[in-house]
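# A look at the structure
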Amino acid sequence: MTMLALPTVLDQLKALAQDTRYELVRHLAQGERCVCDLEELLDLPQSKVSYHLGILKDAGLITSEQRGKNMYYTLKREPMFLLGGQLLTSLFPDQPLAIDQVKSMC
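Definitions and limits used
Residues numbered from 1 in each chain as written. Predicted model: local features only at pLDDT ≥ 70, side-chain atom pairs only at ≥ 80, totals over all residues. Heavy atoms only, no water. Pairing = 2+ DSSP bridges. Helix = DSSP H or I, 4+ residues; strand = E, 2+ residues; numbered from the N terminus. Axes fitted to C-alpha atoms, helices over the stretch in contact; angles between N-to-C directions. Parallel < 35°, antiparallel > 145°, perpendicular 65-115°, else oblique. Left-handed = near helix turned anticlockwise from the far one by under 90°. Contact = heavy atoms within 4.5 Å. Nonpolar A, V, L, I, M, F, W, Y, C, P; charged D, E, K, R; others polar. Core = buried A, V, L, I, M, F, W, Y, C linked by side-chain atoms within 4.5 Å. Buried < 20%, exposed > 50% of the residue type's maximum accessible area, 1.4 Å probe, protein only.

## Notes on the sheet that holds strand β3 (residues 70–75)
Taken in spatial order, the 3 strands of this open sheet run β1-β3-β2, and their pairing is antiparallel. Pairing within the sheet leaves two strands with one partner each, and these edge strands are β1 (33–34) and β2 (62–67). Sheet topology note: the β2/β3 ladder contains 6 bridges and is antiparallel. Paired with T63 across the strands is T74, a residue of β3.

Right under this line is the structure:
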């Protein structure tokens, strides 16, 4: 059995950086949605919506649940809230958080 790597901060940012996926996340922030509802909200065909939902799911930002013939999607709130802190930690891994500038050219 192969273990899949957890999505990185960069993976999550890439997923959110595309307009359609950002709009999907905005709609899912309002609550669980069926893929058919998302198609109508975005005025896109099911294949395009499903493609973008797959990228968000691979990035660890949403979950899905099959109910009958329909697939329902939910935003995972914790990764969204942690994203900012993880980004800062990855940009400044060895630096304590400080508000004062250490070195200045002027």
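## As for the pairing of β3
Of the strand pairs in this sheet, β1 and β3 are connected by 2 bridges, and their pairing is antiparallel. Residue pairing for β3: C34 is matched across the bridge by Y72. What sits between the antiparallel neighbours β2 and β3 is a turn of 2 residues, in which G68 has the positive phi angle 65°.

## Describing the packing of helix α1 (residues 9–16) against helix α5 (residues 77–91)
Taken N-terminus to C-terminus, the directions of α1 and α5 make an angle of 120°; their axes are 10 Å apart at the nearest point. Comparing the axis directions of α1 and α5 gives the class oblique. Remark: the crossing between α1 and α5 carries left-handed chirality. Residue-level contacts link V9, Q12, L13 and L16 of α1 to P79, M80, L83, Q86 and L87 of α5. Of the residues in the contact of α1 with α5, the class split is 7 nonpolar, 2 polar and no charged.

## Considerations on the nonpolar core
Counting residues in hydrophobic clusters, the biggest one holds 18 residues, and the most contacted among them are L24, L28, L53, L56 and I62. Of all the elements in the fold, those that place two or more residues in this core are α1, α2 (19–28), α3 (35–42), α4 (46–58) and β3. The residues touching I62, leaving out its near neighbours within four places in the chain, are L28, L53, L56, K57, Y73, T74, L75 and K76.

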